[in-house]
Amino acid sequence: RWVREVTNGCPQEIYPMSLAESALLLIRSLAGDKVTARITAGEALQEAGHIGIWSVGRGSEREPVLLELDYNPTGDANAPVLAALVGKGITFDSGGYSMKSSDNMLPMKSDMGGAAMVTGALALAISRGLDKRVKLILCCAENLVSGHAFKLGDILTYRNGISVEIQNTDAEGRLVLADGLLAASESGAAYILDAATLTGAAKTALGRDYNAVFALDEAEQARALAAAKAENEQAWALPLEPWHAGQLTSAFAELGNVASAEGTAGATTAAAFLSRFVRDEGKGWVHLDLAASYQKSGNDLWATGAKGHGLRTIARWLQEV
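## Brief notes about unusual backbone geometry
Of note in the backbone geometry, Asn232 takes a positive phi value of approximately 60 degrees without being a glycine. Phi angles above zero are rare outside glycine, and Asp280 is one such case at about 55 degrees. Positionally, Asp280 belongs in the loop between α10 (266–275) and β11 (285–289).

Rendered as C-alpha cells:
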C-alpha cells in the first residue's frame, strides 16, 4: 500500500526530501533501532562528490537528496553488508531542457517508482524475518527547467573518474543511479540490485506487463528471474554485454549519457551506462527496468497508476542472497 500511495502521490507533496523521510519512517516503523541513516542534501551533495544527483536536481527549488539507510539486525557494527538496494527517486521528471510532451510528462510523478519499490521490498523482507545487513540507497531529485538547471553539453565527472557528456537531459535516471551504485559498491555489499523506471524502450519491448532484468552476471540474472517466478510476478531478461557501453560515445567525455547511433537498444544501453559504476565488472549486480510498475491507463487487471509489480520479486531476491 505504501509503495502505491507514494508513487501515486501528488508531485507537490512527494518531493525529494519528503520521499526520503517517508521511506526512512517506513523502515524504522518495522525495524526500530536496527536502522541508522544519513541524508545528504542540496549543495552538500556536490561537496561529497555525488555529482549526478546534484546536477539533475539543481534546477529545482526543492533540493535533491541522497538517503543512505543501514538495516543491521546483527547488532555488530562491523558486520559485512550482504546486499545493497539502489532506487531511482525522480519525484517529477519534466525531461529538463530535453522536455517531454504534456502527454508523456503527465505520469512522471511515478518516476520515483524505483525508490518506492526497493523501499517497499526491504520493508516486506524485514516483515518476513530478514536477518542480514542491507543498505538502502535512494537517489532523489526533481528534473526541472530553470536558470540553474543542468544543460546539454555539460560534462559530469564522477568519483570513480568517469566523465559523462549530457546529450539528453531526459536521460537523467542513470545519472542519479550512478552515484547510488558507487555508494553501494563502496559499502562492500556482495550483491547489488538497482530498480528504476528508467527507459521508455523497456516498455516498448515488454509493454506494461513485464519488468526487464539486466545483468552482466548470468547467475545473478537467473536468480532474479527465479525470484519473480516464485512470487508470481512477470519479468523478462533483456541482453547486456560489456561491449554495449561502447555505444555511449562522446567527443568530449568518456561516455555520453545516451547512445548516439541509430538502431541501438535503448534499455540495454541505459543498463550498460550503469554497469560502468559497479565494482568487479558487474559480479553480483542486477538491474531492473520497471516497465510493469505503473499503469498509465486502467485495464481488466490493473487500476490506473502504481501497481507495486516487482515488490515481491525484490524482497524474494533479498531474502535468498
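On we go.
## Notes on the packing of helix α9 (residues 218–230) against helix α11 (residues 311–319)
Axis separation between α9 and α11 bottoms out at 8 Å; the angle between their running directions is 125 degrees. In terms of orientation, α9 lies oblique with respect to α11. Crossing handedness for the pair α9 and α11: right-handed. Contacts from Glu220, Arg223, Ala224, Ala227, Ala228 and Ala230 in α9 reach Thr313, Arg316 and Trp317 in α11. Looking at the contact of α9 with α11 residue by residue, the class counts come to five nonpolar, one polar and three charged.

## A look at the pairing of strand β7 (residues 191–196)
Successive residues of a regular strand alternate their side chains across the two faces of the sheet. Among the six residues that make up β7, five are buried, leaving the element largely enclosed by the rest of the structure. Note that strand β3 (residues 83–93) and β7 share five bridges and pair parallel. Note on β7: the bridge partner recorded for Ala83 is Tyr191.

## Things to note about empty space enclosed by the protein
One pass over the structure, following the stated rule, counts two cavities of 30 Å³ or more. Taken as a whole, the largest cavity encloses approximately 40 Å³ of empty space. As for the largest cavity, its lining consists of Val3, Thr7, Ser110, Gly113, Met117, Thr197, Ser293, Tyr294, Ala306 and Gly308. Those elements that provide at least two residues to the lining of the largest cavity are α1 (2–8) and α6 (113–127). Its boundaries defined by the atoms lining it, the second largest cavity holds a volume of some 30 Å³. Considering the residues around the second largest cavity, the lining is formed by Asn211, Val213, Ala235, Leu288, Gly310 and Thr313. When the residues that make up the lining of the second largest cavity are grouped by side-chain class, the tally is three nonpolar, three polar and no charged.

## Quick look at the pattern of salt bridges
Here the structure, examined in full by the defined rule, presents 18 salt bridges. For the salt bridge of Asp170 with Lys100, the shortest nitrogen-to-oxygen distance reads 3.0 Å. In this pair, Asp170 is assigned in the loop between β6 (163–165) and α7 (173–186) and Lys100 in the loop between β3 and α5 (102–105), connecting sequence segments 70 residues apart. Lys100 gets classed as buried once you look at its relative accessible area, which sits at 18%. One salt bridge in this structure joins Arg159 and Glu186, with 2.8 Å as the shortest N-O distance. Placement of the pair is Arg159 in the loop between β5 (155–157) and β6 and Glu186 in helix α7, with a sequence separation of 27 residues.

Cut-offs applied
Residues numbered from 1 in each chain as written. Predicted model: local features only at pLDDT ≥ 70, side-chain atom pairs only at ≥ 80, totals over all residues. Heavy atoms only, no water. Helix = DSSP H or I, 4+ residues; strand = E, 2+ residues; numbered from the N terminus. Axes fitted to C-alpha atoms, helices over the stretch in contact; angles between N-to-C directions. Parallel < 35°, antiparallel > 145°, perpendicular 65-115°, else oblique. Left-handed = near helix turned anticlockwise from the far one by under 90°. Contact = heavy atoms within 4.5 Å. Nonpolar A, V, L, I, M, F, W, Y, C, P; charged D, E, K, R; others polar. Buried < 20%, exposed > 50% of the residue type's maximum accessible area, 1.4 Å probe, protein only. Pairing = 2+ DSSP bridges. 1 Å grid on protein atoms, 1.4 Å probe; cavity = no way out; pocket = protein on both sides within 12 Å on 5 of 7 lines; lining within 4 Å. Points joined across faces, edges and corners; volume = space filled by probe spheres on them. Salt bridge = Lys/Arg side-chain N within 4 Å of Asp/Glu carboxyl O.

All quantities given are derived from atomic positions and should not be read as evidence of function.
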